[in-house]
There are 2 protein chains.
Amino acid sequence: MLDARILQQLTEIVGSENIAATPQDLICYGYDATQMEFLPDCVVHPDGSEEVSRILKLANQEGFPVFPRGAGSGFTGGALPKGGGVVLVTTRMNRILRIDTDNLVAEVEPGVVTETFQMAVEKLGLFYPPDPASLKFSTLGGNVAECAGGPRAVKYGVTKDFVMGLEVVLPTGEVIRTGGETVKGVVGYDLTKLICGSEGTLGVITKIIFKLLPYPDAKKTMLTVFDSIDGAARAVSTIIKNKIIPTTLEFMDHATLTCVERRFNLGLPDSGRAVLLIEVDGDRELIEKQAGQIHKLIEPLGLVQFRVAKDAAESEELWRVRRLVSPSLRDVNPDKFNEDIVVPRSKVPDVIRRIEVIQKRYDIPIVNFGHAGDGNIHVNIMIDKRVPGELEKAHEAIKEVFQAALDLGGTMSGEHGVGLAKQPYIPMELSADQVAAMKAIKAALDPKNILNPGKMLPV
Amino acid sequence: MLDARILQQLTEIVGSENIAATPQDLICYGYDATQMEFLPDCVVHPDGSEEVSRILKLANQEGFPVFPRGAGSGFTGGALPKGGGVVLVTTRMNRILRIDTDNLVAEVEPGVVTETFQMAVEKLGLFYPPDPASLKFSTLGGNVAECAGGPRAVKYGVTKDFVMGLEVVLPTGEVIRTGGETVKGVVGYDLTKLICGSEGTLGVITKIIFKLLPYPDAKKTMLTVFDSIDGAARAVSTIIKNKIIPTTLEFMDHATLTCVERRFNLGLPDSGRAVLLIEVDGDRELIEKQAGQIHKLIEPLGLVQFRVAKDAAESEELWRVRRLVSPSLRDVNPDKFNEDIVVPRSKVPDVIRRIEVIQKRYDIPIVNFGHAGDGNIHVNIMIDKRVPGELEKAHEAIKEVFQAALDLGGTMSGEHGVGLAKQPYIPMELSADQVAAMKAIKAALDPKNILNPGKMLPV
């Protein structure tokens, strides 16, 4: 519990309309997209780096923890105030400060919603590629803090690849600028990338400078169905080896197809064991040619259906298959653990086979889909928590799924982060010396462990 | 001076054939591409992370500094043993460990020469884009440590953008892996990017995992001459705004043209005030189309010459103009300071104008060329050191050039790094709080300040 004196000081910093401590307010900021919940002692909505700095300086002086939060759409509990403290919400800082069409650069505040930003730059003919599934509500600050990905990462990369510079309030309250507005820059350590993906443990992001691209001329969507997972996986590497880097290469396994088909009856062929949703973008003539090349290249790999969208409406129709995945899953079981392992592209069939074995061993439905182009598979472990023992089985199964990814040269998380959810598994992936180096950096920047304590690294 | 006991222990670690301490050996490892020279006490050539680890542990125990070094082609003294100590040369670790054509990933040791690696992957139809001018002799470890750039960075990015993972020996001797073999990965802090560009101050790189691309189908080179710098600069932004991202957009100013023309008589038009060497790569038909589009787009901008290469031989001929720049400069004056400032693309004409003013004020020839596509200009301050007062004037002029870049939203260095050469100017670019955060990280990872001490950050 924070004492009244501290609450008074916080009120002075943000103004009485921007601080909340009623039970209903606290409940609103105590959960995220995980199924965990921890109540904070108070919620503040500062505007600007100066207010954030004053909050952090007060926190260091008084010794209370601070948990930065965007839209709270995270999948790993990175914004949850475990142990209590102050939740610092960035959503009031929601201005797009400028879009520089000459230099293809934009500067924004952290509370801007991802899609809002995308639409603003698209109006000017520009393109911000990162497209996490949460883009309609997630904030850019949260995207940067978690290093969000999305389907288009195959061709364009993840959030980090578009962050050129930041304004950050360090855990001890100093406001610094990192990086800058130029693509190149090698003066000093790369604090920008260190903050990206640090999940709010090393600083509070108060401004972001993004790199933009020209908006692609055109795109072409293809829905392809294969009679085996190996066929689909070979299709991915064959396409890329032939110098075509699609914008997206979304994968759905047989369990996923069965779910979608059972509920929505989309007419996918019975012999289909895996789907690849392929999209290419760029020059209009080039992508026409590429669509033809792709068809020819993948035809011998057990292709049982190939549909190309003729226009935007048909493209939407093909994407429907992918979009219906999440709503279909609830038919399998009410509760879901959505893990986002990554393996080298060529190891996708191996990891899927290992997951099939795990599924049988624990007798839990596991549904796999995701971004095959970069080996990032969303593994959905479907349980019913009301059934005694299911939750424990799920945790055991998750651990084995992670081990499978690691054995195949992969990682436990491609875009969701560690937060609280994956923290116990960290020693499976990172060595003690790696963790010690990370802890040394955290302690160097946050000696009193004020900012988002007890997250990411094992405690 | 290292005492005999330490030399004996170092000999035990690397073997007597891999340690040297004669005056002629020390001279060989006491210089780089700057004009500075500092003699080490001894030079070791370890092979593998275990030997590097033992050297660093010994250094921590005995308190001597260690300076990692690749080919010694750096422009800022990053590998120079100022104050004496042990130079740790990575060139024995020169194996390409594997090239994975399925996942477009390669693992190499740090001592592999950049061009050797490029040729090895190109044989397999793959592409490693970073192309620093030193690629015929620089090592990949050095490229990563400095975050080397090159002309192709406009389209493809810099070295850092291709580093997926590292094996690093920390300053205290622990061997860690950072990153991995997957494009996505968000478990723990991004130590990979922190090490990239840290100039050998945070760890010794002993293995590198690189991302590769398919080798582009074809390329097209164009030499374009403009009657003003503004025309050339507007050409750059016009091309990019029209959704064409060239592989290279190399710029040469009037002073550069005059140098090259005077010596090599290439037939550049008299009215030419700036040259852009433009290259596009990718699909053969697409780049033909793009070359046509580029011509049309830049024609109204004061274009006085437009030459397109029909084949590889003609392309080489056009590149000759750019390649002859360095040999021509010596005609201006014998000594050169090559600074590599960056400004936002649209600010290139402004910075060139400011440099003209500086040039007049100090009465020193300044020749500008470089990578206009990313605003990275190589500013060559040409002096004759034998003339009393010239060196001092050059240092004053450099400071003003840096200030001009910073005033225009840029940075002092895009690819050469800080090292010893730019260290005194750091407070012009980084705030005291930024520097303090970097120093805290350095101290956290290298508490005894063993590794490359007194570099990068102001002391």
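Under an unreviewed UniProt entry, the name given to chain A is (S)-2-hydroxy-acid oxidase, and the organism recorded is Citrifermentans bremense. Listed in UniProt under the heading Cofactor (unreviewed entry), the comment for chain A reads: "FAD".

**Here's the deal with the pattern of salt bridges**
Per the counting criterion, the structure on display carries 66 salt bridges over all chains. Measuring nitrogen to oxygen at the nearest pair gives 3.0 Å for the salt bridge that ties Arg5 of chain B to Glu62 of chain B. Remark: Glu62 of chain B occurs in helix α3 (residues 49–62) and Arg5 of chain B occurs in helix α1 (residues 4–14); sequence separation between them is 57 residues. Relative accessible area serves as the criterion here: at 45%, Arg5 of chain B is assigned to the partly exposed category. Here Glu62 of chain B falls in the partly exposed class, since its relative accessible area comes to 27%. Where Asp47 of chain B meets Arg95 of chain B, a salt bridge forms, and the shortest distance between an N and an O atom there is 2.7 Å. In this pair, Asp47 of chain B is assigned in the loop between β2 (42–44) and α3 and Arg95 of chain B in the loop between β4 (86–89) and β5 (96–100), connecting sequence segments 48 residues apart. By relative accessible area, which is 36% here, Arg95 of chain B ends up partly exposed. One salt-bridge network, in which partners are shared between bridges, spans Arg98, Glu107, Arg177 and Glu181 of chain A.

**So, the sheet that holds strand β8 (residues 163–169) of chain A**
One key point about sheets: their strands pair by backbone hydrogen bonds, in either a parallel or an antiparallel sense. Residue and element names in this part refer to chain A. Here we have five strands laid out as an open sheet, ordered β5-β6-β10-β8-β9, and antiparallel in their pairing. Of all the strands in the sheet, the pair left with one neighbour each is β5 (96–100) and β9 (175–179). Each strand axis lies, on average, 10 degrees off the axis of its neighbour in the sheet, ignoring direction. Pairing geometry for strand β6 (residues 105–108) and strand β10 (residues 204–211), over four bridges, is antiparallel. Bridging from a neighbouring strand, Glu107 pairs with Ile209 of β10. In the packing of helix α3 (residues 49–62) onto the sheet, the strands contacted are β8, β9 and β10, and the crossing angle to β8 comes to about 50 degrees.

**A closer look at the interface of chain A and chain B**
With 80 residues of chain A at the interface, the matching set in chain B holds 80 residues. Buried area between chain A and chain B, summed over both chains or domains, comes out near 6,300 Å², and the portion from carbon and sulfur atoms is 64%. For the pair chain A and chain B, the interface holds 12 salt bridges. Taking the shortest distance from any N to any O, the salt bridge between Asp374 of chain A and Lys184 of chain B comes out at 3.5 Å. Run the count over chain A and chain B and you get 27 residue pairs in polar contact (both at pLDDT 80 or more). When residues of the side of chain A that touches chain B are traced back to their parent elements, those giving at least two are β9, α7 (191–195), α8 (229–241), α10 (284–298), α15 (426–429) and α16 (432–445) of chain A. Counting residues per element, the side of chain A that touches chain B draws most heavily on α16 of chain A, which supplies nine residues. Of the residues assigned to the side of chain A that touches chain B, the class counts are 34 nonpolar, 24 polar and 22 charged.

What counts and what doesn't
Residues numbered from 1 in each chain as written. Chains lettered and ligands numbered in written order. Predicted model: local features only at pLDDT ≥ 70, side-chain atom pairs only at ≥ 80, totals over all residues. Heavy atoms only, no water. UniProt positions renumbered as here; feature names shortened; annotations may be inferred. Salt bridge = Lys/Arg side-chain N within 4 Å of Asp/Glu carboxyl O. Helix = DSSP H or I, 4+ residues; strand = E, 2+ residues; numbered from the N terminus. Buried < 20%, exposed > 50% of the residue type's maximum accessible area, 1.4 Å probe, protein only. Pairing = 2+ DSSP bridges. Axes fitted to C-alpha atoms, helices over the stretch in contact; angles between N-to-C directions. Contact = heavy atoms within 4.5 Å. Buried area = accessible area lost by both parts, 1.4 Å probe. Polar contact = N/O pair within 3.5 Å; in protein donor to acceptor, adjacent residues only side chain to side chain. Nonpolar A, V, L, I, M, F, W, Y, C, P; charged D, E, K, R; others polar.

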